[in-house]
Amino acid sequence: MADIITLLKQNYNPFDLTTARSGNFWLEQQSANLTVESIHQEQLRKIIQVIEEVQLNQITRTILLKGDLASGKSYFLGRLKKQVNQKALFAYIGSWSNNDYIWRHILRQTVDSLMQTPENESQSQFLLWLNSLSAFQDKSLIKRILGEKTIFVQNFKSSYPTGIYQSKNFFSALYHATQPEDYIIACDWLRGEDLDTSDLNRLGVRKSLSSEEDAKNILMNLGRVSAQAQYPIVLCFDQVDQACLKEDGLPALLGVNTTIHNEKLKNFVVILSLIQSTWENKVSKQLLADRDRIDRTVQLDKITIDQAEEIWQKRLRPLHEQANPKPNSDIYPLTRDQLKKQALGGRTVPRAVIQLGHKLVQQLKGHGEIKTDDSFALVWDKEFKKTQAKVERIRQQSSSELAQYLADILEMLGVPNVAYKYLEGSKYLNYSLSFTHPQTSEKIGVLWNEDPNMRSFFYSMSACEKVVKAGDCDRLIFIRHEPFGSKKNKGYKLFEKLFTSNPHRHICPHLDSIHYLVTYHRLLNAATSGELVVGYDSPNPGRLKELVKQSGVLEQCQLLKNLGILDGSADPSGTSTKPDPSLDKKDVKVREFLMKQIKSQGLLGAEVLINSTLAEFDGIDLKDVVKELKALERENYIRMIGDKKNIKDQSVFRVPEDQRQAS
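None of these values were measured; they are calculated from a predicted model.

1. Overview of the overall build of the protein chain
Then comes step 1: Within the protein chain one finds 29 helices and 15 strands.
Then comes step 2: Whereas a compact globule of 663 residues would reach a radius of gyration of roughly 26 Å, the protein chain reaches 27 Å, a difference of no more than 12%.
Then comes step 3: Projected onto its principal axes, the C-alpha coordinates of the protein chain cover approximately 75 × 65 × 60 Å.
Then comes step 4: In the protein chain, buried positions account for 57% of the 663 residues.
Then comes step 5: Of the contacts formed within the protein chain by residues at least 6 apart in sequence, a portion of 72% connects residues at least 24 apart.
Then comes step 6: For the protein chain, the exposed surface amounts to about 28,700 Å²; the carbon and sulfur share of it is 48%.

Structure (structure tokens):
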């Protein structure tokens, strides 16, 4: 067995910088082994007490959760969810792009969260809740005669004779959510999707939800019905500083909260998580009435030296347990004095503690601090994989969100004159954008409509026809992955007229392109909220844009290629094409992975590096990894040191760039 110094040099740095930030608690799982229970324990107790009060009396409460940058607000909400998810339904609500759609954004993200499966459960929050309701417990003869759905709806309507918005439609959708073959469609209706007639008929509902009033009232319905099973709905508004820093952003959020209270929406716990400076700089005397609707303020304070030391203990423990001889201190080779020097006034924030530990271990490895540019690819990869795991359909994002995300990426890439909301005077204003093409200087208009409803498709084609006739842009691009319906439909005929010949085009996006858009959007939210961590830095939105462009992480986004923004093959018809086949070769992917790992660590044991590579890829074996390591050594990117007879007994370290060039 090796001593602790050797283990630290051979293994991944235990202070993984990609864990120094948190986000949507449904996208990541917190390790209980790394949680320091004493940190913010009193604040956690206060909020749990509020949730339990709402559980008893169904009276909605609002909590303002404040803290400095890097104080751990998102991580705190994850701990809260983990601790009381059996007592409450949790919804994570991130930043919104349009105040006019804020209720629809909240409803959509609430239903998305209800569709998530809690830890140690086999069903979603939604199904666990629905199956606990009395309407599902009735096994009587009358139920068998009249049918399960009829009795279910009748039971609910008798339980709630008044106060339920669109009661027949709502209860019908709840019933179909319990039927496996209808679950997704029922949830789509509750999310506010503009469903096609066939799907509406299948659910037994008359129309889709289409307004802010619809969204607000369906949210109220969810609160009222969840009260029957004593499950409060906890609405966690987190990393919303990007929206709140815009004009009227914070008033819009506080206005939603005031409406929830004024209209007596029951059984909600609203948590507004904000950076302290966002609250102080944007709240005003004019918002006094809205501020009065906040029932409790919880402040996340900085942590003590003892708590910081415990963070180090938990990170180092797995290697300490392997070490021989056993270290004399639980944080060896680090020291408490190093913490004290960093924590002015005896207080600090968790992120700074992790970053300091990382720096000290890198110094011990002999490779100093890791550059921000070298760390960004790993941060992007981690976020991209989380997005791939959770975003399984293009329509998980609304059409207006997709258009906004695309506009944000184009602006970041420096495309001239990007303007979200292009189709003025149209119902599809929020589905559209425009820009000046950087190569041709053409004015490009874009409409992105994924609504499955064929009437919506037809009306969007009519809006496009008006733009074409007016000659307002040089080229109009229609983005849609959803079906177009029958060729006999008016919408389809109009589509063929407009988009089957130059200059106007149709692009059918791949899900992979959506993953790029959503990943950038999430990182942008994190950067605006001060929660993004790349290496030892917390990049602001401007710095994030630089990192994205420098790293080339968007180079394989086929949608950007089809738009002609990035170099690459694009089908002349505008439909997506596969990337260059050479980029799919396993040796290229393995090599890229190895380079990222070595860049981020500086020094690693060959066995650790090989094992992590084998775990990352299916269909490769030891010789594939060794081949790429040897190739990197020949290129003077890495050096292998140690026992030449057995590669697993060697160490791999990155050759400094100046030495690589010199040789």
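Here the narrative resumes.
2. Quick word on helix α18 (residues 350-365)
Then comes step 1: Counted at 1.5 Å a residue, the expected span for α18 with its 16 residues is 22 Å, and the 23 Å between its end C-alpha atoms agrees.
Then comes step 2: By the criterion of burial, α18 is predominantly enclosed, with 13 of the 16 residues buried.
Then comes step 3: Once α18 finishes, G366 follows within two positions and takes phi at roughly 85°, a positive value.

3. Some thoughts on empty space enclosed by the protein
Then comes step 1: Inspection of every chain in the model, using the stated rule, returns two cavities of 30 Å³ or more.
Then comes step 2: Of the pockets and cavities examined, the largest cavity occupies roughly 40 Å³.
Then comes step 3: Together, F25, E28, Q29, Q30, G78, K81, K82 and E119 line the largest cavity.
Then comes step 4: Residue composition of the lining of the largest cavity, by class: one nonpolar, three polar and four charged.
Then comes step 5: Put simply, the second largest cavity is a space of about 30 Å³.

4. A look at the pairing of strand β3 (residues 233-237)
Successive side chains on a regular strand alternate, one facing one side of the sheet and the next facing the other.
Then comes step 1: Within β3, five of the five residues are buried, leaving the element largely enclosed by the surrounding structure.
Then comes step 2: Alternating residues of β3 divide into I233, L235 and F237 and V234 and C236, and every residue in both groups is buried.
Then comes step 3: Examined bridge by bridge, strand β2 (residues 89-93) and β3 share five bridges and lie parallel to one another. Residue pairing for β3: L89 is matched across the bridge by I233.
Then comes step 4: As paired strands, β3 and strand β4 (residues 268-275) are joined by five bridges and run parallel to one another. Of the residues in β4, the one forming a bridge with C236 is I271.

5. Some points on the confidence of the model for the protein chain
Then comes step 1: With 94% of its residues at a pLDDT of 70 or more, the protein chain has an overall mean of 89.
Then comes step 2: Predicted confidence for residues 570-584 stays below pLDDT 50, and this span has 32 contacts to residues more than four positions away or in other chains.

6. Points about the sheet that holds β2
Then comes step 1: Read across the open sheet, the five strands follow the order β2-β3-β4-β1-β5; overall the sheet is parallel. Each having just a single partner strand, β2 and β5 (296-300) make up the two edges of the open sheet. Taking the axes of each pair of neighbouring strands and ignoring which way they run, one obtains an average angle of 20° across the sheet.
Then comes step 2: Together, β1 (61-67), β2, β3, β4 and β5 form the strand contacts of helix α2 (residues 41-57), whose direction differs from that of β5 by roughly 155°.
Then comes step 3: In the packing of helix α13 (residues 249-262) onto the sheet, contacts are made with β1, β3 and β4, and the angle to β4 comes to roughly 165°.

7. Things to note about the sheet that holds strand β9 (residues 432-436)
Then comes step 1: The mixed open sheet is built from five strands, whose spatial order is β8-β9-β10-β11-β12. Edge strands, defined here as strands with exactly one partner in the open sheet, are β8 (419-420) and β12 (505-507).
Then comes step 2: Where β9 meets strand β10 (residues 443-448), five bridges bridge the pair, whose relative direction is antiparallel. Its bridge partner lying in β10, L433 is registered against V446.
Then comes step 3: Against the sheet, helix α20 (residues 399-412) engages β8, β9, β10 and β11 (475-479), with an angle of about 20° to β9.

8. Brief notes about the domain arrangement of the protein chain
Then comes step 1: Looking at the protein chain, the domain boundaries give domain 1 (39-117 + 229-301), domain 2 (134-228), domain 3 (302-366), domain 4 (419-511) and domain 5 (585-659).
Then comes step 2: The C-alpha centroid of domain 5 is placed 55 Å from the C-alpha centroid of domain 2.

9. A closer look at the side chain of D194
Then comes step 1: Following the sequence through the fold, D194 ends up in the loop between α9 (183-191) and α10 (197-203).
Then comes step 2: For the buried D194, no salt bridge is present, and the opposite-charge side chain at shortest range is K427, 4.5 Å distant.
Then comes step 3: Discounting chain neighbours no more than four positions away, the residues touching D194 are S208, D451, P452, N453 and S456.

10. Brief notes about a positive patch on the surface
Then comes step 1: A surface patch of positive charge is lined by K157, K168, R206 and K207.
Then comes step 2: Mapped onto the elements, R206 comes out in the loop between α10 and α11 (212-226).
Then comes step 3: For R206, a relative accessible area of 70% translates into the label exposed.

11. As for the pattern of salt bridges
It is possible for side chains bearing opposite charge to pair when their charged atoms get close.
Then comes step 1: This model, assessed by the stated rule, comprises 37 salt bridges.
Then comes step 2: Two residues, E531 and K73, come together in a salt bridge whose shortest N-O distance is 3.4 Å. Placement of E531 in the loop between α23 (511-528) and α24 (541-551) and of K73 in helix α3 (residues 73-84) is noted, with a sequence separation of 458 residues between them.
Then comes step 3: For E531, a relative accessible area of 4% puts it in the buried group.
Then comes step 4: Judged by its relative accessible area of 2%, K73 is buried.
Then comes step 5: Two residues, R543 and E546, come together in a salt bridge whose shortest N-O distance is 3.1 Å. Taken as a pair, R543 and E546 lie in helix α24 at a separation of three residues, close to a single helical turn.

12. What to know about unusual backbone geometry
Then comes step 1: For the bond from Y332 to P333, the omega torsion is 10°, close enough to zero to count as cis.
Then comes step 2: Mapped onto the secondary structure, P333 falls in the loop between α16 (305-322) and α17 (336-342).
Then comes step 3: Residues other than glycine seldom take positive phi values, yet S441 does so here, at roughly 65°.
Then comes step 4: With respect to the helices and strands, the residue S441 is situated in the loop between β9 and β10.

Cut-offs used in this document
- Residues numbered from 1 in each chain as written.
- Predicted model: local features only at pLDDT ≥ 70, side-chain atom pairs only at ≥ 80, totals over all residues.
- Heavy atoms only, no water.
- Helix = DSSP H or I, 4+ residues; strand = E, 2+ residues; numbered from the N terminus.
- Rg over C-alpha atoms; globule rule 2.2 N^0.38 Å.
- Buried < 20%, exposed > 50% of the residue type's maximum accessible area, 1.4 Å probe, protein only.
- Contact = heavy atoms within 4.5 Å.
- Areas by Shrake-Rupley, 256 points an atom, 1.4 Å probe, with all protein chains shown as cover.
- Expected span 1.5 Å × (residues − 1).
- 1 Å grid on protein atoms, 1.4 Å probe; cavity = no way out; pocket = protein on both sides within 12 Å on 5 of 7 lines; lining within 4 Å.
- Points joined across faces, edges and corners; volume = space filled by probe spheres on them.
- Nonpolar A, V, L, I, M, F, W, Y, C, P; charged D, E, K, R; others polar.
- Pairing = 2+ DSSP bridges.
- pLDDT = per-residue confidence, 0-100.
- Axes fitted to C-alpha atoms, helices over the stretch in contact; angles between N-to-C directions.
- Domains from an automatic or database assignment.
- Lys, Arg positive; Asp, Glu negative; His and termini not counted.
- Salt bridge = Lys/Arg side-chain N within 4 Å of Asp/Glu carboxyl O.
- Patch = residues over 30% accessible without salt bridge, like charges linked within 9 Å, V, L, I, M, F, W, Y side chains within 5 Å.
- Charge placed at Lys NZ, Arg CZ, Asp CG, Glu CD.

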